[in-house]
Amino acid sequence: MKHLVLCLLFLAFFISHVVAEEVSLQGNQTQGGLIFGMTQPGNRVELNGQALTISVNGRFLLGFGRNAKKEATLKITGLDGTVKTQILRVAPRTYKTQRINGLPSRMVIPKPEDVVRIRAENTDIARVRTLNTRQAYFSSGFIWPVTGPVSGVFGSQRILNGKPKNPHNGTDIAAPEGTIIKAPADGVVALVHDDMFYTGNTLMLDHGFGLTSVYAHMSALLVNEGDLVKQGTPIGKVGKTGRVTGAHLHWGVTLNQTHLDPALIVGDMN
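Given the structure is predicted, the values throughout are model-derived calculations rather than measurements. (Residues numbered from 1 in each chain as written. Predicted model: local features only at pLDDT ≥ 70, side-chain atom pairs only at ≥ 80, totals over all residues. Heavy atoms only, no water.)

Peer 1: Before we move on, can you summarise the overall build of the chain with the specific residues and values?
Peer 2: Of the regular secondary structure elements, the chain holds four helices and 21 strands. Each principal axis of the C-alpha distribution contributes one length, and for the chain these read about 85 × 40 × 35 Å. Looking at the chain residue by residue over its 270 residues, the buried ones come to 44%. A total accessible area of about 13,600 Å² is found for the chain, and carbon and sulfur atoms account for 53% of it. Where the 27 positive side-chain charges of the chain centre and where its 19 negative ones centre are 7 Å apart. (Helix = DSSP H or I, 4+ residues; strand = E, 2+ residues; numbered from the N terminus. Buried < 20%, exposed > 50% of the residue type's maximum accessible area, 1.4 Å probe, protein only. Areas by Shrake-Rupley, 256 points an atom, 1.4 Å probe, with all protein chains shown as cover. Lys, Arg positive; Asp, Glu negative; His and termini not counted. Charge placed at Lys NZ, Arg CZ, Asp CG, Glu CD.)

What follows is the structure, encoded as structure tokens:
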């Protein structure tokens, strides 16, 4: 009887540790990469001390920004308090420099009245990026919203009319004006704006758990705020509104306040 009790206690101990330790990570463990995680339901997951949103079935997301450090600490706490810590190695990247000339001077050095407008528009964008919807729309997976030559890559240092600017935080895809843009994943339309200073006709989707995406410079907007869209749903058309030199789609993806590389999330373009 004593032997049986000891066996049962050992089994309970073993199971509790397995619950805390079991975690799977899929994605690109590199700067700009998004990771789709899965753990045992009820576990608590933290990245560098920050608690992550977890679905009832154990799904969670984590992302690494353009300048993420080489190591990150993942902590999984089981229902019984058992803790497992894992060090994630984040691969560094080398970023390109992109020079763009021929832009209207006002689009590079805004006037005071433009700055007021830009700040208001940035507030609208920031509001969307604070959403933490508890619906895992992202589980649909991702496709390219439009296909064509990639004219701007994530993380590149932008030099506009000879002036250094912030790094590019998305992927630019050149396509003929009027080309249909499709929702790359399920989500809710969180913002529709028909005339932002820098990005022109702009749309944002909420994919859940703090994951959002933005679509800029469009010639037409085909959905409304609050619409639930499925992967492949037409959401707009390629255009050249805002600060551009030609027709293209700027596609950005952000996890909370961290910009990610859309091309890494979706993979090679067919």
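From this point, the discussion proceeds with the structure in view.
Peer 1: An account of the pairing of strand S1 (residues 23–27) is needed here, citing residue identities and associated values.
Peer 2: Where S1 meets strand S2 (residues 34–39), five bridges bridge the pair, whose relative direction is antiparallel. Residue pairing in the sheet places Val 23 in a bridge with Thr 39 of S2. Between S1 and S2, which follow one another and run antiparallel, lie six residues, and Gly 32 among them has a positive phi close to 90 degrees. (Pairing = 2+ DSSP bridges.)

Peer 1: Just give me the short version of unusual backbone geometry, but keep the residues and values in it.
Peer 2: In this model, Asn 48 sits at a positive phi of 50 degrees, which is unusual for a non-glycine residue. Assignment of secondary structure puts Asn 48 in the loop between strand S3 (44–47) and strand S4 (50–51). Under the relative-accessibility criterion, Asn 48 is labelled exposed at 52%. In this model, Asn 256 sits at a positive phi of 60 degrees, which is unusual for a non-glycine residue. Mapped onto the fold, Asn 256 is located in the loop between strand S20 (248–255) and strand S21 (258–260). Residue classification places Asn 256 among the partly exposed positions, given a relative accessible area of 33%.

Peer 1: So what about the nonpolar core? Which residues, and what values?
Peer 2: Grouped together as the largest cluster of nonpolar side chains are 30 residues, with contacts concentrated most on Phe 142, Leu 203, Leu 205, Leu 211, Tyr 215, Ile 235 and Trp 251. Top element by residues in this core is S20. It accounts for four residues. Residues Leu 47, Ile 54, Ala 72 and Leu 74 belong to the second largest nonpolar core, which totals 14 residues. (Core = buried A, V, L, I, M, F, W, Y, C linked by side-chain atoms within 4.5 Å.)

Peer 1: Which residues make up the sheet that holds strand S6 (residues 71–77), and what values do they have?
Peer 2: Pairing is antiparallel across the open sheet formed by four strands, whose spatial order is S4-S3-S6-S7. The sheet terminates laterally at S4 and strand S7 (83–89), the two strands that pair on one side only. Across four bridges, S3 lies against S6 in antiparallel orientation. Following the sheet pairing, Glu 46 is matched in S6 by Lys 75.

Peer 1: Explain the pattern of salt bridges residue by residue, including any values.
Peer 2: Summed over the entire model, instances satisfying the criterion amount to seven salt bridges. Notably, a salt bridge pairs Arg 93 with Asp 261, separated by 3.0 Å at the nearest N-O pair. Note that Arg 93 is positioned in the loop between S7 and strand S8 (97–100) and Asp 261 in the loop between S21 and helix H4 (262–266), a separation of 168 residues in sequence. Where Lys 240 meets Glu 177, a salt bridge forms, and the shortest distance between an N and an O atom there is 4.0 Å. Of this pair, Lys 240 sits in the loop between strand S19 (234–237) and S20 while Glu 177 sits in the loop between strand S12 (171–174) and strand S13 (180–182), placing them 63 residues apart in sequence. Lys 240 gets classed as partly exposed once you look at its relative accessible area, which sits at 49%. Overall, Glu 177 belongs to the partly exposed group, its relative accessible area being 48%. Where salt bridges share partners, they join Arg 117, Glu 121 and Asp 195 into one cluster. (Salt bridge = Lys/Arg side-chain N within 4 Å of Asp/Glu carboxyl O.)

Peer 1: Kindly report on the packing of aromatic side chains, identifying the contributing residues and their values.
Peer 2: Ring pairs (aromatic) are described by centroid distance and by the angle formed between their planes. Scanning all chains against the criterion turns up five aromatic pairs. Where Tyr 95 meets Phe 154, the ring centres are 6.5 Å apart and the plane angle is 70 degrees; that geometry is what we call edge-to-face. Here Tyr 95, found in the loop between S7 and S8, pairs with Phe 154, found in the loop between strand S9 (150–152) and strand S10 (157–160); they are 59 residues apart in sequence, far enough to count as distant. Each member of the pair Tyr 95 and Phe 154 is classed as buried. Between Phe 138 and Phe 209, the ring centres sit 5.2 Å apart and the planes meet at 70 degrees, which makes this aromatic pair edge-to-face. (Phe/Tyr/Trp six-rings, centres within 6.5 Å; stacked < 30°, edge-to-face > 60°.)

Peer 1: So, helix H3 (residues 112–128): which residues are in play, and what are the values?
Peer 2: Relative to the 24 Å expected for 17 residues at 1.5 Å per residue, H3 spans 25 Å between its end C-alpha atoms, a close match to the ideal helical length. Residues of H3 that are buried include every one of Asp 114, Ile 118, Glu 121, Ile 125 and Val 128, and no others. Looking straight down H3, one finds its buried side chains confined to an arc of 70 degrees; they lie on one side. Among the exposed residues of H3, those oriented more than 90 degrees off its buried face are Pro 112, Val 116, Arg 119 and Thr 123. Of the surrounding elements, those touching the buried residues of H3 are helix H2 (105–108), strand S14 (187–196), strand S15 (200–206) and strand S16 (211–218). (Expected span 1.5 Å × (residues − 1). Arc of directions from axis to C-beta. Contact = heavy atoms within 4.5 Å.)

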